[in-house]
Protein chains: 2
Amino acid sequence: MQLQTPYLLFLGDAPDMLAAKVAIGVRDWRPEFAVGQMRLPGCQADLGLTEMTIEEAAAAGAKTLVVGVANRGGVISPAWIDALSQGLRAGMDVAAGLHNRLTDVPELKALADELGRGLYDVRHPTESFSVGSAEKRAGKRLLPVGTDCSCGKMYTGLAVEKEMRARGWSADFRATGQTGIFITGSGVSVDAVVADFISGAIEALAPANDPEHWDVIEGQGALHHPSFAGVTLGLIHGAQPDALVVCHEPTRTHMRGLPHYPVPEVEAAMDIALRHAQLTNPEARFVGASVNTANLEAAAAEDYLGALGARIGLPAVDPVRTGVGPLVDLL
Amino acid sequence: MQLQTPYLLFLGDAPDMLAAKVAIGVRDWRPEFAVGQMRLPGCQADLGLTEMTIEEAAAAGAKTLVVGVANRGGVISPAWIDALSQGLRAGMDVAAGLHNRLTDVPELKALADELGRGLYDVRHPTESFSVGSAEKRAGKRLLPVGTDCSCGKMYTGLAVEKEMRARGWSADFRATGQTGIFITGSGVSVDAVVADFISGAIEALAPANDPEHWDVIEGQGALHHPSFAGVTLGLIHGAQPDALVVCHEPTRTHMRGLPHYPVPEVEAAMDIALRHAQLTNPEARFVGASVNTANLEAAAAEDYLGALGARIGLPAVDPVRTGVGPLVDLL
């Protein structure tokens, strides 16, 4: 899955900013990929980018119209079809990360085929993967793991990549989810591959590399999340991580979507992840914790990070408040 | 996936008995499902069942022609098409567990559509599953887990189901792989579902049941097998097992297909499986070990089972040599 950049970020009729989180991710982490934004009447999201029509975006060099909005149910809104068709006619590919597929909209499929443009449903892998070989490969890899889903793994990985690059290291973020794929322009939506090929898909996503190169692989799910732990375990085995970072949201009281499951202790999540990681990389080790303290006051956040760091004997950072430098220092 | 029984077991041009292992499984565990066998010229496998033509099998009541042979690469041999077409014309569905799909053979697809017959590719789930809810459900469940792939989990599960039924208990084997699906006539090929839905597929396969009913769920893979561990973990979480049995082949020196990975100690496999199982069922416990001692002499097998049982403090049986009674005694 390799998208042509730069993008026109299509916000459609997004009811609020939250619905535009895919587009926000691109703007924040790869601003050079976003030539502008396009909004339909009634759109309540605004990324602060240059407002463009399809034609203006094409003239500005946009190669892909990215549906940067998710509506309830993840379906493709009929209200978007005209704009997406215009994008194809203006020479762009169209990409979306919705449950429904662009390729299942007959009008878009026919037009894309006729014009020779691409329709990319990044949530639905089209490649065939091999079963994981688990053979040790060259290059270094870092993997964030979480105490829960949606607790900052993607953000942490992108912050680590940015920090590494700022230090002049060779580093690439390897996306395993839809937002990450739009941010980097490539990747594999690992929770959508066939179960037998989870680790094999990660081996293909982050193949052997220069010995000093770092692949920062986007984490998914959590070993303690009973809905998705299988994805997480295959991801850990396929990643062969040299370095792990544990991600945590300290004010969350239960696992995402499962009110009857408490969030595990950070140490418990670290212990089980390390045991599994050492199967495919006996040298795997944690280099710290990355905590989303957005729901804490500054003083409470500082206290929390200090106490957690003392407990685990490793740096505890918040990528937003403190940056991830102390984690990268340990690599 | 629900197949109509009984079956005509089609052995095709199987080069040896090993190639017919799916058919052997049906004959051994559900002889009442097999009205007979059909072989093409050159077939080197023989199940000792009544030899039948398609027409004879249909007259004897066969509802499904089961392709009980696997050839190299798991493809559908052109040499079989005539016989499979005859089966459809004689009123049977056709089912196979190959990598290639029956439904991708235009001749078979067209004929089945025309006649209103079913083509079942049991390796390729066609249902949509929900994400696992991990909500505690009624009924009891037993799950074999392994130190490796292909070390006796299906055999153990079927032996436990048989023992439970012999004692008058209410028990059902729930198949998660192709051979198991043919044996019981239904199930889900769990390694072929989309990664996000592994645990949800198992929840659907073994739903809430009478409090005293046992579902014996077929295990897959191994938590220590880095190619397939994600499948195993989702299966464990979805199963919510009350009872676990560890399966082991004591003469194997490395993980199946991975010469660079040693087989773990039985205790290590038990420890990690129990930790994960207790996430969705805090009452989960092991009731013993099931060892495939086929490669050991009788005395050595007896010694091994005795020593292992002493080590783990639980019964260690070989389903073939000793039966699984001591495991069921503990339930």
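If you're wondering where the values come from, they're calculated on a predicted model, not measured in any experiment.

Looking at this model, I keep getting lost on the environment of W169 of chain A. Mind explaining?
Residues and elements named next belong to chain A. Its place among the elements puts W169 in the loop between α5 (153-166) and β7 (171-174). Between the C-alpha atoms of W169 and E212, which are 43 residues apart in sequence, the distance is 8.3 Å. If we ignore the near neighbours within four places in the chain, the residues touching W169 are M164, W214, V328 and L331.

When you look at the sheet that holds strand β6 (residues 140-146) of chain B in this model, what are you seeing that I'm missing?
In sheet architecture, strand pairing relies on hydrogen bonds along the backbone and comes in two forms, parallel and antiparallel. Residues and elements named next belong to chain B. Spatial ordering of the open sheet is given by β7-β8-β6-β9-β12-β13, a layout of six strands whose pairing is parallel. Two strands in the sheet have a free side with no partner beyond their single neighbour: β7 (171-174) and β13 (316-317). Taken together, the four bridges between β7 and strand β8 (residues 214-217) define a ladder with parallel strand orientation. Each residue of the ladder has a partner; that of R174, found in β8, is I217. Where helix α8 (residues 229-239) meets the sheet, it contacts β6 and β8, and its direction lies at approximately 160° from that of β6.

How do you make sense of the packing of aromatic side chains when you look at a structure like this?
When we look at a pair of aromatic rings, we describe it by the centre distance and by the angle of the planes. Per the counting criterion, the structure on display carries six aromatic pairs over all chains. A centroid spacing of 5.0 Å and a plane angle of 80° characterise the contact between W29 of chain A and Y155 of chain A, whose relative ring orientation is edge-to-face. Of this pair, W29 of chain A sits in helix α1 (residues 21-29) while Y155 of chain A sits in helix α5, and the two are 126 residues apart along the sequence. Of the residues examined, W29 of chain A reaches a relative accessible area of 14% and is grouped as buried. Taking 5.8 Å as the distance between ring centres and 70° as the angle between the ring planes, the aromatic pair formed by Y7 of chain B and F33 of chain B counts as edge-to-face. One end of the pair, Y7 of chain B, is in strand β1 (residues 7-12); the other, F33 of chain B, is in the loop between α1 (21-29) and β2 (34-39), with 26 residues separating them in the sequence. Under the relative-accessibility criterion, Y7 of chain B is labelled buried at 0%. Its relative accessible area of 15% is what places F33 of chain B among the buried residues.

Help me understand the relation of the copies chain B and chain A, please; the structure alone is not making it clear to me.
Here two copies of a chain appear, and what relates them is a rotation about an axis with a shift along it. Mapping chain B onto chain A calls for a screw motion: a turn of 180° about the axis and a shift of 0.0 Å along it, with 0.0 Å RMSD after fitting. The relationship between the two copies is best expressed as a two-fold rotation axis.

Please explain the pattern of salt bridges as it appears in this structure.
Where side chains of opposite charge bring their charged atoms close, a pairing between them can arise. In total, this model carries 28 salt bridges over all chains according to the counting rule given. Of the charged contacts in the structure, one is a salt bridge between D215 of chain A and R174 of chain A, with a shortest N-O distance of 2.8 Å. Here D215 of chain A, found in strand β8 (residues 214-217), pairs with R174 of chain A, found in strand β7; they are 41 residues apart in sequence, far enough to count as distant. What makes D215 of chain A buried here is its relative accessible area of 1%. Its salt-bridge partner being R167 of chain B, residue D329 of chain B comes within 2.7 Å of it at the nearest N-O pair. One end of the pair, D329 of chain B, is in helix α11 (residues 325-329); the other, R167 of chain B, is in the loop between α5 (153-166) and β7, with 162 residues separating them in the sequence. Each of R30, E161, R165, D172, R174 and D215 of chain A takes part in salt bridges that share partners, so that together they form one network.

I tried to follow the packing of helix α9 (residues 266-280) of chain A against helix α10 (residues 298-312) of chain A on my own but got confused; where do I start?
Residues and elements named next belong to chain A. Relative orientation of the contacting elements α9 and α10 amounts to 45°, with a least axis distance of 11 Å. For the element pair α9 / α10, the angle class is oblique. Viewed along their axes, α9 and α10 form a crossing whose handedness is right-handed. Counted together, V266, E267 and M270 of α9 and Y304, L308, R311 and I312 of α10 form the full contact between these two elements. Of the residues contributing to the contact of α9 with α10, the split by class is five nonpolar, no polar and two charged.

Whenever I open this one, the confidence of the model for chain A confuses me. Can you help?
The predicted coordinates of low-pLDDT regions are not to be read in fine detail. Taken over all residues, the pLDDT of chain A has a mean of 96, while the share at 70 or more is 100%. Both confidence scores are given for the complex: pTM 0.95, ipTM 0.94.

Would you mind showing me how to read the pairing of strand β9 (residues 243-248) of chain A here?
All names here are of chain A. Taking burial as the measure, the six residues of β9 include six buried ones, the bulk of the element. Of the two faces of β9, the one carrying A243, V245 and C247 and the one carrying L244, V246 and H248 are both buried. Of the strand pairs in this sheet, strand β6 (residues 140-146) and β9 are connected by five bridges, and their pairing is parallel. Along β9, the bridge assignment pairs V145 with V246. The sheet contact formed by β9 and strand β12 (residues 285-291) spans six bridges and is parallel.

Even after reading the chapter, I still don't get unusual backbone geometry, so can you show me in this structure?
With the exception of glycine, most residues fall at negative phi, and the peptide bonds are largely trans. Note the cis peptide between T5 of chain A and P6 of chain A, where omega equals 0°. Considering the arrangement of structural elements, one finds P6 of chain A in the segment before β1 (7-12). One non-glycine residue, S150 of chain B, lies in the positive phi region at around 50°. Among the structural elements, S150 of chain B can be located in the loop between β6 and α5. Here the phi dihedral of Q240 of chain B falls at roughly 45°; this positive angle occurs in a residue that is not glycine. In this fold, Q240 of chain B is placed in the loop between α8 and β9 (243-248).

Looking at this model, I keep getting lost on the sheet that holds strand β5 (residues 119-121) of chain B. Mind explaining?
Residues and elements named next belong to chain B. Strand order in the open sheet formed by five strands is β2-β1-β3-β4-β5, and the pairing between neighbours is parallel. Where the open sheet ends on each side, the last strands, each with one partner, are β2 and β5. Each neighbouring strand pair of the sheet contributes to a mean axis angle of 20°, computed without reference to strand direction. Both β1 and β2 contribute to a ladder of five bridges, which runs parallel. Paired with L8 across the two strands is G36, which belongs to β2.

Conventions we followed
- Residues numbered from 1 in each chain as written.
- Chains lettered and ligands numbered in written order.
- Predicted model: local features only at pLDDT ≥ 70, side-chain atom pairs only at ≥ 80, totals over all residues.
- Heavy atoms only, no water.
- Helix = DSSP H or I, 4+ residues; strand = E, 2+ residues; numbered from the N terminus.
- Contact = heavy atoms within 4.5 Å.
- Pairing = 2+ DSSP bridges.
- Axes fitted to C-alpha atoms, helices over the stretch in contact; angles between N-to-C directions.
- Phe/Tyr/Trp six-rings, centres within 6.5 Å; stacked < 30°, edge-to-face > 60°.
- Buried < 20%, exposed > 50% of the residue type's maximum accessible area, 1.4 Å probe, protein only.
- Least-squares fit on C-alpha atoms with pLDDT ≥ 70 in both.
- Salt bridge = Lys/Arg side-chain N within 4 Å of Asp/Glu carboxyl O.
- Parallel < 35°, antiparallel > 145°, perpendicular 65-115°, else oblique.
- Left-handed = near helix turned anticlockwise from the far one by under 90°.
- Nonpolar A, V, L, I, M, F, W, Y, C, P; charged D, E, K, R; others polar.
- pLDDT = per-residue confidence, 0-100.

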